[in-house]
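What follows is the residue order along each chain.
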Amino acid sequence: MGVIMDPVSAVLGIRASGPFPLMSAVEKGLPLRSLDRVVQSVAPADSKFAFRIIPRATLARRRKVWATSKDRAEGRLSMEESTRLARLASVWAMALEVWGDEEAARRFMFEAHALLHGRRPVDIVLENELGRPIVEGILGRLRYGSAV
């Protein structure tokens, strides 16, 4: 029997069968390929979007270390970076569910929203952990037809 992946794990491209394995993966540090996967899905036209998750110099250094590593162990994000990425992946998974396709979900994430005082959902989510439930609340209301 295969592992049933939750939507967030699917967005991240990791094998985690629920919230506790996902928490464990975040604590250990998500692989760099998860960053690449989420960035490609959420903001494929923005070559600098990854730097909202991890500073440019840090990412370059990690990729270089990974590329030159003798044991070829996969490069990983820090726990803080992984938490930020998982937060974005969680909201992205919900936006995909609500809107049904990536383009519509992307429009929602990157357009200013009245219920966010004219701010973009993606900015609210990436700023800090308090932004996620606010954006998820709007998505939940959209799912049931009651959000602006």
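Residues numbered from 1 in each chain as written. Predicted model: local features only at pLDDT ≥ 70, side-chain atom pairs only at ≥ 80, totals over all residues. Heavy atoms only, no water.

The next subject is the overall build of the protein chain. Each helix and strand in the protein chain was counted, giving 8 helices and 0 strands. Start at the N end of the protein chain and walk to the C end: the helices and strands fall as α-α-α-α-α-α-α-α. The C-alpha atoms of the protein chain give 16 Å as radius of gyration, which agrees with the globular expectation for 148 residues (15 Å, within 12%). Structurally, the protein chain occupies a C-alpha span of about 55 × 40 × 25 Å along its principal axes. Counting every position in the protein chain, which comprises 148 residues, the buried fraction comes to 43%. Considering only residue pairs separated by 6 or more positions, the protein chain has 57% of its internal contacts joining residues 24 or more positions apart. For the protein chain, the exposed surface amounts to about 8,400 Å²; the carbon and sulfur share of it is 57%. Across the protein chain, the centroid of the 23 positively charged side chains sits 5 Å from that of the 17 negatively charged ones. (Helix = DSSP H or I, 4+ residues; strand = E, 2+ residues; numbered from the N terminus. Rg over C-alpha atoms; globule rule 2.2 N^0.38 Å. Buried < 20%, exposed > 50% of the residue type's maximum accessible area, 1.4 Å probe, protein only. Contact = heavy atoms within 4.5 Å. Areas by Shrake-Rupley, 256 points an atom, 1.4 Å probe, with all protein chains shown as cover. Lys, Arg positive; Asp, Glu negative; His and termini not counted. Charge placed at Lys NZ, Arg CZ, Asp CG, Glu CD.)

With 41 residues, the main nonpolar core has Leu12, Leu30, Leu35 and Leu88 as its most contacted residues. Sorting the residues of this core by element identifies helix H1 (7-12), helix H2 (19-28), helix H3 (32-42), helix H5 (79-99), helix H6 (102-110), helix H7 (121-127) and helix H8 (131-143) as the ones contributing at least two each. When residues of this core are assigned to their parent elements, the largest contribution, 9 residues, is made by H5. Apart from residues lying up to four places away in sequence, leucine 35 is in contact with Ala50, Ile53, Ile54, Leu59, Arg63, Leu77 and Leu85. (Core = buried A, V, L, I, M, F, W, Y, C linked by side-chain atoms within 4.5 Å.)

Running from amino to carboxyl end, H5 crosses H6 at an angle of 120 degrees, the nearest separation of the two axes being 8 Å. Put simply, H5 runs oblique to H6. Where H5 crosses over H6, the two elements pack in a sense that is right-handed. Residues Leu88, Val91, Trp92, Ala95, Leu96 and Trp99 of H5 pack against Glu102, Ala104, Ala105, Arg106, Phe108 and Met109 of H6. Taken together, the residues of the contact of H5 with H6 break down into 10 nonpolar, no polar and 2 charged. (Axes fitted to C-alpha atoms, helices over the stretch in contact; angles between N-to-C directions. Parallel < 35°, antiparallel > 145°, perpendicular 65-115°, else oblique. Left-handed = near helix turned anticlockwise from the far one by under 90°. Nonpolar A, V, L, I, M, F, W, Y, C, P; charged D, E, K, R; others polar.)

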